[in-house]
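# Residue-level structure breakdown
Given next are the chains, with one letter for each unit.
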Amino acid sequence: MDVVNRTTEEPRDLAAALAALAASRGESRALRAELEETNHGVLALYSELELQAEQLREATELKSRFLAYMSHEFRTPIGSIRSIARLLLDHVDGPLTPEQERQVGFIQQTSAEFAEMVDDLLDLAKVEAGRVEISPGWFEMVDLFSALRGMFKPVLTNAEVHLVFEEPQDIPKLYTDDRKLSQILRNFVSNALKFTPRGEVRVSVERVDGDRVRFCVRDTGIGIAPEFHASIFEDYSQVQSSLQKRLRGTGLGLSLSKRLAELLGGGVAVASEPGKGSVFSLTIPAQLDAP
Ligand SMILES: Nc1ncnc2c1ncn2[C@@H]1O[C@H](COP(=O)(O)OP(=O)(O)OP(=O)(O)O)[C@@H](O)[C@H]1O
Ligand SMILES: [Mg+2]
């Protein structure tokens, strides 16, 4: 009985197995076709993405070039306005009435701010276009600090704020681009002075991790709420405050500083508490490697 049963069941099993095999073959063919279709889709998306990235690169390049040309072209007329205002204030062509003196002073101040803005824009455009040249050289930190001190002396108009440069201790000779480094520190210090009604702005430098140096600009000013700590390093970003309304500025200084710090192989950071003050720091290698 047993034997008879097996022989009649075997062909049925085989047929079922064959049918299952055919079905799974069909399934796998369908799957392969689907996969191929998906592959084509992915490839099409990929080339579209490439195209868009290329267009974006072109747009960025155009924007940078436009900014660079525009800011460059602005420099000459601003220069003339500034020198004419200087001549008038120096009474080269005769004296001015007090009111004229005030008005020309205003022209001079505004054109100086305009010139600064144009310089920042030009620098930003250059950084974006990858055209900023880093020219490293050897220099002593003491010399850079005293140059900065000299630069800020004439603009320290608020007697209630002291600007202190700490004596650099145990800092090796640096090999980096001193002009870019000075540009970053200048922006940190001028911000600190702008946003500190009274107290102190302290600039220091220390060694970190053996081969890096960290510069800190501490102030006892109005501080910055934590939610703005990241955004202030973006272009045109400013935090609204009662002080801000009375101050000039474009909100480009920190974003430019951040990019310059990256070009020097380092980075910038902020720690701040509203009402207490801020610490802006820059950490860079003491010696910039040749690219
Ligand atoms: N030391 C500081 N204390 C408080 N707020 C600060 C300080 N430094 C920067 N900020 C805030 O960050 C913003 C951006 O600074 P950033 O230097 O980029 O622009 P700005 O000083 O307003 O203009 P610019 O530097 O282009 O003349 C400032 O407008 C201010 O709101
Ligand atoms: Mg600034």
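Since this is a predicted model, take the numbers as computed values, not measurements.

### So, the pairing of strand E6 (residues 267-273)
- Both E6 and strand E7 (residues 277-285) contribute to a ladder of seven bridges, which runs antiparallel. Following the sheet pairing, Gly267 is matched in E7 by Thr283.
- In sequence, E6 turns back onto E7 through a hairpin of three residues, with Gly275 there showing a positive phi of about 85°.

### Side note on the domain arrangement of the protein
- Here the protein is described as being made up of domain 1 (1-132) and domain 2 (137-285).
- A straight line from the C-alpha centre of domain 1 to that of domain 2 covers 30 Å.
- In this assembly, eight residues from domain 1 lie in contact with seven residues from domain 2.
- When grouped by side-chain class, the residues that make up the side of domain 1 that touches domain 2 number five nonpolar, no polar and three charged.

### What about the nonpolar core?
- Judged by nonpolar contacts, the single largest core of 37 residues is most densely connected at Ile184, Leu185, Phe188, Val189, Val217 and Ala261.
- For this core, the elements supplying multiple residues, two or more each, are helix H2 (98-128), helix H3 (141-152), strand E2 (161-165), helix H4 (178-194), strand E4 (199-208), strand E5 (212-219), helix H6 (253-263) and E7.

### Things to note about the site of ligand 1
- Neighbouring ligand 1 are 22 residues, the closest being Asn191, Phe195, Gly249, Gly253 and Leu254.
- When contributions to the shell around ligand 1 are tallied by element, the ones reaching two or more residues are H4 and H6.
- Counted by class, the shell around ligand 1 contains eight nonpolar, twelve polar and two charged residues.

### Some thoughts on the environment of Leu121
- Of note, Leu121 is situated in helix H2.
- Separated by 136 residues in sequence, Leu121 and Ser257 have C-alpha atoms that sit 12 Å apart.
- Those residues in contact with Leu121 that lie beyond four places of it in its chain are Leu67, Ser71 and Leu252.

### A look at the sheet that holds E2
- The strand order across the open sheet built from five strands is E2-E4-E5-E7-E6, with neighbouring strands paired in mixed fashion. If you trace the sheet from one side to the other, it starts and ends with E2 and E6, each paired once. Ignoring strand direction, the axes of neighbouring strands in this sheet form an average angle of 15°.
- Set on the sheet, H4 makes contact with E2, E4, E5 and E7; between it and E5 the angle comes to about 20°.

### Some thoughts on the packing of H4 against H6
- For the pair H4 and H6, interaxial distance at closest approach is 9 Å and the crossing angle is 150°. In this view, H4 runs roughly antiparallel relative to H6, as classed from their interaxial angle. Here H4 runs over H6; the crossing is left-handed. Residue-level contacts link Lys180, Gln183, Ile184, Asn187 and Asn191 of H4 to Gly253, Leu254, Ser257, Leu260, Ala261 and Leu263 of H6.

### A look at unusual backbone geometry
- Despite not being glycine, His91 shows a phi value in the positive range, around 55°.
- As for its placement among the helices and strands, His91 is situated in the loop between helix H1 (2-89) and H2.

Conventions we followed
- Residues numbered from 1 in each chain as written.
- Chains lettered and ligands numbered in written order.
- Predicted model: local features only at pLDDT ≥ 70, side-chain atom pairs only at ≥ 80, totals over all residues.
- Pairing = 2+ DSSP bridges.
- Helix = DSSP H or I, 4+ residues; strand = E, 2+ residues; numbered from the N terminus.
- Domains from an automatic or database assignment.
- Contact = placed C-beta atoms within 7 Å.
- Nonpolar A, V, L, I, M, F, W, Y, C, P; charged D, E, K, R; others polar.
- Core = buried A, V, L, I, M, F, W, Y, C linked by C-beta atoms within 7 Å.
- Buried ≥ 20, exposed ≤ 12 C-beta atoms within 10 Å, placed from the backbone.
- Near = placed C-beta within 6 Å.
- Axes fitted to C-alpha atoms, helices over the stretch in contact; angles between N-to-C directions.
- Parallel < 35°, antiparallel > 145°, perpendicular 65-115°, else oblique.
- Left-handed = near helix turned anticlockwise from the far one by under 90°.

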